[in-house]
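Structural overview for review
Each chain, letter by letter, is given below.
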Amino acid sequence: MEQEITAIQPQLTQHFAKLINENRLAHAYLLSGASGTGKLSLAVWIAQGIFCNQRNADGTPCLKCSECRRIAANEHPDVVRIIPEGRSIKVDQVRYLKSEFSKSGLEGNRKVFIIQDVEKMTTSAANSLLKFIEEPNGSITAFLLSSHANQILPTIVSRCQVVEMASLNRETQLKKLMDAGVDKVVGSVLVNLNADFDELVALGTDEQFQKLLTEVVNWMKAILADDWRAFVYVQTRLMPLVDERPAQERLLELMVMICRDLILLRYHQDDEVAFITEKQMLAQAAEQIPASQLTKGVELVMNCWNQLAVNVSYQNVLEGLTLRLCRCYHKR
Ligand SMILES: [Zn+2]
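Worth saying up front: this structure is predicted, and the values here are computed from it rather than measured.

**Regarding the pattern of salt bridges**
If you walk through the whole model with that rule in mind, you get 12 salt bridges. The closest approach of N and O atoms between Glu22 and Lys18, which form a salt bridge, is 3.6 Å. Residue classification places Glu22 among the partly exposed positions, given a relative accessible area of 38%. Across the pair Glu278 and Lys221 runs a salt bridge whose closest N-O atoms are separated by 4.0 Å. Taken as a pair, Glu278 in the loop between helix 13 (245–266) and helix 14 (279–287) and Lys221 in helix 11 (residues 207–224) lie far apart in primary sequence, 57 residues in all. Glu278 sits in the buried class, given a relative accessible area of 15%. Linked through salt bridges whose partners overlap, the residues forming this network are Lys18, Glu22 and Arg24.

Spelled out as structure tokens, the structure:
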């Protein structure tokens, strides 16, 4: 079940409840933040706060009345959502929005519109929207949502109040991933990766990625055992799983992560460990290695990005890394 926005974004919901209560909402907001931070949920929640029949004293919506439920089901005539058609938001969609609003503007109704992925607006759609924002018809509140606010026309941004959505803490994000069907073991690794929420969910249910996790662990086990087969694993077990550059970079991220786990365990910071099923094995190994060498291990992996930037072959980079890590952890 989806987590409530008040749990995901407590400060922002509190802030907006106050604005609703005091009738001080701005005309247009740009909600900016990574996928999964609750932009749409927040916009819907504020709309509920505006229209709710039984609003709580603190300005929060009841979520139970007919208005609240119609808005949640996207069936409210005065709350209009626009999502990209195909790859873009087209001028016709903005025109539709305008015509919808000019009708009821005559009746003096309060209106809310929500545009998702606003960076996907064509230039003509953006220009059409601009005029609309500048000359509001009736009392309108606009929510523009984007995970890539830097791609939005500055003229649009300048007419909105920009709201940065706080990124989720580790625990919340893990719970969201698990709600989306990702296994906890895989999710614990994913929350450390640099990617959009949708991308993380896709990885979390991808068999190839799970194999990769297994092989990274096997590779590290061999290194920690000072077993020469770690070198061979690069070609036989890791390379077949990463045929393209994005996957290759992801593998490096996983290697940084498992080296970092050794440091965390050495300092007994168990909560942040990525490879949770390997905690015991990694903790035992970390006890045997000086902390300075563990830190150096992470640096060795990070250096791989520089090597790739100067076009050293990927397999060579990993093989070199394997030898260096063996030397580093076993102090030769
Ligand atoms: Zn309500």
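**Overview of the coordination of the zinc ion**
Within the protein, the zinc ion binds to Cys52 (SG), Cys62 (SG), Cys65 (SG) and Cys68 (SG); these donor distances fall in the range 2.3 Å. With 4 donor atoms in place around the zinc ion and angles of 102 to 119° between them, the coordination shape is tetrahedral. Sequence spacing of the donor residues for the zinc ion, all on one chain, is C-x9-C-x2-C-x2-C. Linking Cys52 in the loop between helix 3 (39–51) and helix 4 (66–72) with Cys68 in helix 4, this pair joins segments that are 16 residues apart in sequence. When its relative accessible area of 1% is taken as the criterion, Cys68 is described as buried.

**Quick notes on the environment of Pro240**
By the secondary structure assignment, Pro240 is in the loop between helix 12 (229–238) and helix 13. What makes Pro240 partly exposed here is its relative accessible area of 48%. Counting along the chain gives 78 residues from Pro240 to Val162, while the straight-line C-alpha distance between them is 45 Å. Ignoring sequence-local partners within four residues, the contact set of Pro240 consists of Gln208 and Gln235.

**Quick notes on the packing of helix 12 against helix 16 (residues 314–329)**
Closest axis-to-axis distance for the helix 12/helix 16 pair is 9 Å, and the angle between their directions is 165°. Judged on the interaxial angle alone, helix 16 and helix 12 are roughly antiparallel. Read as a crossing pair, helix 12 and helix 16 show a hand that is right-handed. Taken together, the residues of helix 16 that come into contact with helix 12 (itself represented by Ala230, Phe231, Val234 and Gln235) are Gln315, Leu318, Glu319, Thr322 and Leu323. When its residues are assigned to classes, the contact of helix 12 with helix 16 shows 5 nonpolar, 3 polar and 1 charged.

**So, the packing of helix 11 against helix 13**
At their nearest, the axes of helix 11 and helix 13 sit 10 Å apart, and the two run at 50° to each other. Considered as vectors, helix 11 and helix 13 are oriented oblique to each other. Of the two elements, helix 11 crosses helix 13, and the hand of that crossing is right-handed. Residue-level contacts link Phe209, Leu212, Leu213, Val216, Val217, Trp219, Met220 and Leu224 of helix 11 to Arg250, Leu251, Leu254, Met255, Ile258, Cys259 and Leu262 of helix 13. A per-class count over the contact of helix 11 with helix 13 returns 14 nonpolar, no polar and 1 charged.

**Side note on the packing of aromatic side chains**
As enumerated under the stated definition, the model contains 2 aromatic pairs in all. An angle of 75° between the planes, with centres 5.1 Å apart, marks the rings of Phe16 and Tyr29 as edge-to-face. Of this pair, Phe16 sits in helix 2 (residues 10–21) while Tyr29 sits in strand 1 (residues 28–32); the two residues are 13 residues apart in sequence, bridging distant segments of the chain. Taken individually, Phe16 and Tyr29 each receive the classification buried, so the pair is uniform in this respect. Centroid distance Tyr29 to Phe143: 5.7 Å. Interplanar angle 15°. Geometry classified as stacked. Here Phe143 lies in strand 4 (residues 139–146) and Tyr29 lies in strand 1, a separation of 114 residues in the sequence.

**Remarks on the nonpolar core**
As a rule of thumb, soluble globular proteins bury nonpolar side chains together. Formed by 63 residues in total, the largest nonpolar core has its most connected members in Met220, Phe275 and Tyr329. Looking at which element gives the most residues to this core, the answer is helix 13, with 13 residues. In contact with Tyr329, other than residues within four places in its own chain, are Met220, Ile223, Leu224, Cys259, Leu262, Ile289, Gln293, Leu294 and Gly297. With 28 residues, the next largest nonpolar core counts Leu19, Leu42, Ile71 and Ile114 among its residues.

Calculation notes
Residues numbered from 1 in each chain as written. Predicted model: local features only at pLDDT ≥ 70, side-chain atom pairs only at ≥ 80, totals over all residues. Heavy atoms only, no water. Salt bridge = Lys/Arg side-chain N within 4 Å of Asp/Glu carboxyl O. Buried < 20%, exposed > 50% of the residue type's maximum accessible area, 1.4 Å probe, protein only. Helix = DSSP H or I, 4+ residues; strand = E, 2+ residues; numbered from the N terminus. Donors = N, O, S within 2.8 Å, 3.2 Å for Na, K, Ca; no water. Tetrahedral: all angles 85-135°; square planar, octahedral: opposite > 155°, others 65-115°. Contact = heavy atoms within 4.5 Å. Axes fitted to C-alpha atoms, helices over the stretch in contact; angles between N-to-C directions. Parallel < 35°, antiparallel > 145°, perpendicular 65-115°, else oblique. Left-handed = near helix turned anticlockwise from the far one by under 90°. Nonpolar A, V, L, I, M, F, W, Y, C, P; charged D, E, K, R; others polar. Phe/Tyr/Trp six-rings, centres within 6.5 Å; stacked < 30°, edge-to-face > 60°. Core = buried A, V, L, I, M, F, W, Y, C linked by side-chain atoms within 4.5 Å.

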